[in-house]
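The residues making up each chain are set out below.
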Amino acid sequence: MQMTAAVAAFWDDFCRRCAGAPRQAGDPNPGAFYEAFHFGDTEALAQELAALVLAGIKRATASAWWSYEAAGRRAPQAGDLSVVTDWHGQPLCVIRSTRVDRMPFDAVPAEFAAAEGEGDGSLAWWRQAHTLYFTRECARLGRAFAPDMPVCCERFEVVHRR
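The sections below set out a description of the structure shown in this document. (Residues numbered from 1 in each chain as written. Predicted model: local features only at pLDDT ≥ 70, side-chain atom pairs only at ≥ 80, totals over all residues. Heavy atoms only, no water.)

Moving on, we come to the nonpolar core. Phe112, Trp126, Phe134, Met149 and Val151 are the most contacted members of the largest nonpolar core, which totals 19 residues. Counting residues per element, the ones that place at least two in this core are strand E2 (60-64), helix H4 (110-116), helix H5 (123-141) and strand E5 (150-161). At 5 residues, the largest contribution of residues to this core is made by H5. Discounting residues that sit within four places of it in the chain, Val151 has contacts with Ala62, Ser63, Trp65, Asp101, Arg102, Met103, Pro104, Phe105 and Phe134. (Core = buried A, V, L, I, M, F, W, Y, C linked by side-chain atoms within 4.5 Å. Buried < 20%, exposed > 50% of the residue type's maximum accessible area, 1.4 Å probe, protein only. Helix = DSSP H or I, 4+ residues; strand = E, 2+ residues; numbered from the N terminus. Contact = heavy atoms within 4.5 Å.)

Encoded structure:
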């Protein structure tokens, strides 16, 4: 997603607040900006997932590793900061990546599925929903979903909100 005026103003507010506060070990570095994005590939999904993040239920996300390769960008790394927006690009919060793992889709553990906070929190639900999502994402990349496809499993925490 492009850096819009609304996202830039939100990011600037976050940086000012961090710069003015006494820093503790582990505090986010406001210079570690990674991206601005919305979750999901439909408006309904984007709004639903953003609400779960803001409620503290969703603390992880998964994406096809191939999407980073196709875009020519690196995958997120621990310490990266991202602005989460709604479907329309309005900033909602800043998240800090705390852990990023690359693993095959069929090796994603139940604990990670629960941290994503979607559906009933089970691995079975996660696999069913993400098979559908990754099938759509892979089709956009000209690839086919496969159970052993590489997945980016990112854990995060909310560090700033509107």
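A few words now on the sheet that holds strand E3 (residues 81-85). In spatial order, the strands read E1-E3-E4-E5-E2; together these 5 strands make up an open sheet with mixed pairing. Edge positions in the sheet fall to strand E1 (33-37) and E2, since each has one partner strand and no second. Across the sheet, the mean angle from the axis of one strand to that of its neighbour is 35°, orientation sign disregarded. Sheet topology places E3 next to strand E4 (residues 91-104); 5 bridges connect them, and they run antiparallel. (Pairing = 2+ DSSP bridges. Axes fitted to C-alpha atoms, helices over the stretch in contact; angles between N-to-C directions.)

The subject of this paragraph is the pattern of salt bridges. What the rule picks out here adds up to 11 salt bridges. Across the salt bridge formed by Glu118 and Lys58, the nearest N and O atoms sit 2.6 Å from each other. Taken as a pair, Glu118 in the loop between H4 and H5 and Lys58 in the loop between helix H2 (43-54) and E2 lie far apart in primary sequence, 60 residues in all. The class of Lys58 is buried, set by a relative accessible area of 1%. Three or more residues joined by partner-sharing salt bridges are found here, namely Asp13, Arg16 and Arg17. (Salt bridge = Lys/Arg side-chain N within 4 Å of Asp/Glu carboxyl O.)

As consecutive antiparallel partners, E3 and E4 are separated by 5 residues, and within that stretch Gly89 has a phi angle of approximately 90°, a positive value. Across 11 bridges, the pairing between E4 and E5 is antiparallel. Opposite Val94, over in E5, you have His160 as the bridge partner.

In this model H2 runs 17 Å from its N-terminal to its C-terminal C-alpha over 12 residues, within 8% of the 16 Å that 1.5 Å per residue would give. Where H2 is concerned, the buried positions are Ala46, Leu49, Ala50, Leu52 and Val53. The buried side chains of H2 occupy one side of the element, clustering within an arc of 160° when seen end-on. If you follow the buried residues of H2, they end up packed against E4 and E5. One or two positions beyond H2, positive phi appears at Gly56, with a value near 80°. (Expected span 1.5 Å × (residues − 1). Arc of directions from axis to C-beta.)

Our focus in this paragraph is the side chain of Ser63. Among the secondary structure elements, Ser63 is positioned in strand E2. Accessibility expressed as a relative area gives 14% for Ser63, which makes it buried. Polar contacts involving the side chain of Ser63 include one to the side chain of Tyr68, which spans 2.9 Å. The residues touching Ser63, leaving out its near neighbours within four places in the chain, are Tyr68, Phe134, Glu137, Pro150, Val151 and Cys152. (Polar contact = N/O pair within 3.5 Å; in protein donor to acceptor, adjacent residues only side chain to side chain.)

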